[in-house]
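# Remarks on the overall topology
Now for the letters of each chain:
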Amino acid sequence: MDEDETPQVTEADRLLYDWFKHLTSLSLLAIGGALSLSQAGGAKVDPIPLGIIVIALGVAGACSFSGADQLVRAAAEGKPVPRTARLLGRAAPGFLGMGVGAFMAVFIGGLSGG
């Protein structure tokens, strides 16, 4: 394969990689924050909803990490970016938002006693 035939990494691919890194970090921080606030925040958070929240945040992190991995592998092998990487780029923030939103609802509900 000639060097001219090797797909080049585009600026969009670099931005998507940075997006995945950012979402992975946010997911890890959100998991730590949710677990910390559930223990020391003054609100009573039931373990089952907390488990579901941590799972949603973990799925967001896994999607982000997997997407970044796919981008790096494609670039290293000189292949185009897989379609699943772009789908993971849409799924990860959805799971992150779902987990953070659910935690806020449960946490605020626990603070107000409801």
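Notes on the structure follow. (Residues numbered from 1 in each chain as written. Predicted model: local features only at pLDDT ≥ 70, side-chain atom pairs only at ≥ 80, totals over all residues. Heavy atoms only, no water.)

For the protein chain, the helix and strand inventory stands at three helices and zero strands. Going residue by residue from the N terminus, the α and β elements of the protein chain occur as α-α-α. Out of the 114 residues in the protein chain, the part that is buried amounts to 30%. Within the protein chain, residue pairs in contact and separated by at least 24 positions form 81% of the contacts whose partners lie at least 6 positions apart. As displayed, the protein chain offers around 7,200 Å² of accessible surface, 65% of which is attributable to carbon and sulfur atoms. (Helix = DSSP H or I, 4+ residues; strand = E, 2+ residues; numbered from the N terminus. Buried < 20%, exposed > 50% of the residue type's maximum accessible area, 1.4 Å probe, protein only. Contact = heavy atoms within 4.5 Å. Areas by Shrake-Rupley, 256 points an atom, 1.4 Å probe, with all protein chains shown as cover.)

Here the structure, examined in full by the defined rule, presents five salt bridges. For Glu 11, the salt bridge is made with Arg 14, and the minimal N-O distance between the two is 4.0 Å. In this pair, Glu 11 and Arg 14 are both assigned in helix 1 (residues 11-40), three residues apart and thus about one turn of the helix distant. (Salt bridge = Lys/Arg side-chain N within 4 Å of Asp/Glu carboxyl O.)

What follows deals with the packing of helix 2 (residues 47-77) against helix 3 (residues 83-111). The N-to-C vectors of helix 2 and helix 3 enclose an angle of 160°; their axes lie 8 Å apart at closest approach. When the axes of helix 2 and helix 3 are compared, the pair comes out roughly antiparallel. Judged by the twist between their axes, the crossing of helix 2 over helix 3 is left-handed. Taken together, the residues of the contact of helix 2 with helix 3 break down into 19 nonpolar, six polar and no charged. (Axes fitted to C-alpha atoms, helices over the stretch in contact; angles between N-to-C directions. Parallel < 35°, antiparallel > 145°, perpendicular 65-115°, else oblique. Left-handed = near helix turned anticlockwise from the far one by under 90°. Nonpolar A, V, L, I, M, F, W, Y, C, P; charged D, E, K, R; others polar.)

Let us now look at the nonpolar core. Note that soluble globular proteins tend to have their nonpolar side chains buried in a common cluster. Ranked by internal contacts, the top residues of the largest apolar core, which has 19 residues, are Phe 20, Leu 57, Leu 96 and Phe 103. Listing elements by their share of this core, those giving two or more residues are helix 1, helix 2 and helix 3. The greatest single-element share of this core, amounting to seven residues, is contributed by helix 2. Contact partners of Leu 57, with chain neighbours within four places excluded, come to Ser 27, Ala 30, Ile 31, Ala 34, Leu 96, Gly 99 and Val 100. (Core = buried A, V, L, I, M, F, W, Y, C linked by side-chain atoms within 4.5 Å.)

The next thing to look at is a nonpolar patch on the surface. Together, Val 100, Met 104 and Ile 108 make up a nonpolar patch on the protein surface, roughly 260 Å² of accessible area in all. With respect to the element layout, Val 100 can be found in helix 3. (Patch = residues over 30% accessible without salt bridge, like charges linked within 9 Å, V, L, I, M, F, W, Y side chains within 5 Å.)

Next up on the list: the packing of aromatic side chains. Evaluated as defined, the whole model comprises one aromatic pair. Centre to centre, the rings of Phe 103 and Phe 107 are 5.5 Å apart; their planes meet at 20°, and the pair counts as stacked. A residue pair is termed a helical-turn pair when its members lie 3 or 4 positions apart in one helix, as Phe 103 and Phe 107 do in helix 3 at four residues. Judged by relative accessible area, which is 8%, Phe 103 ranks as buried. (Phe/Tyr/Trp six-rings, centres within 6.5 Å; stacked < 30°, edge-to-face > 60°.)

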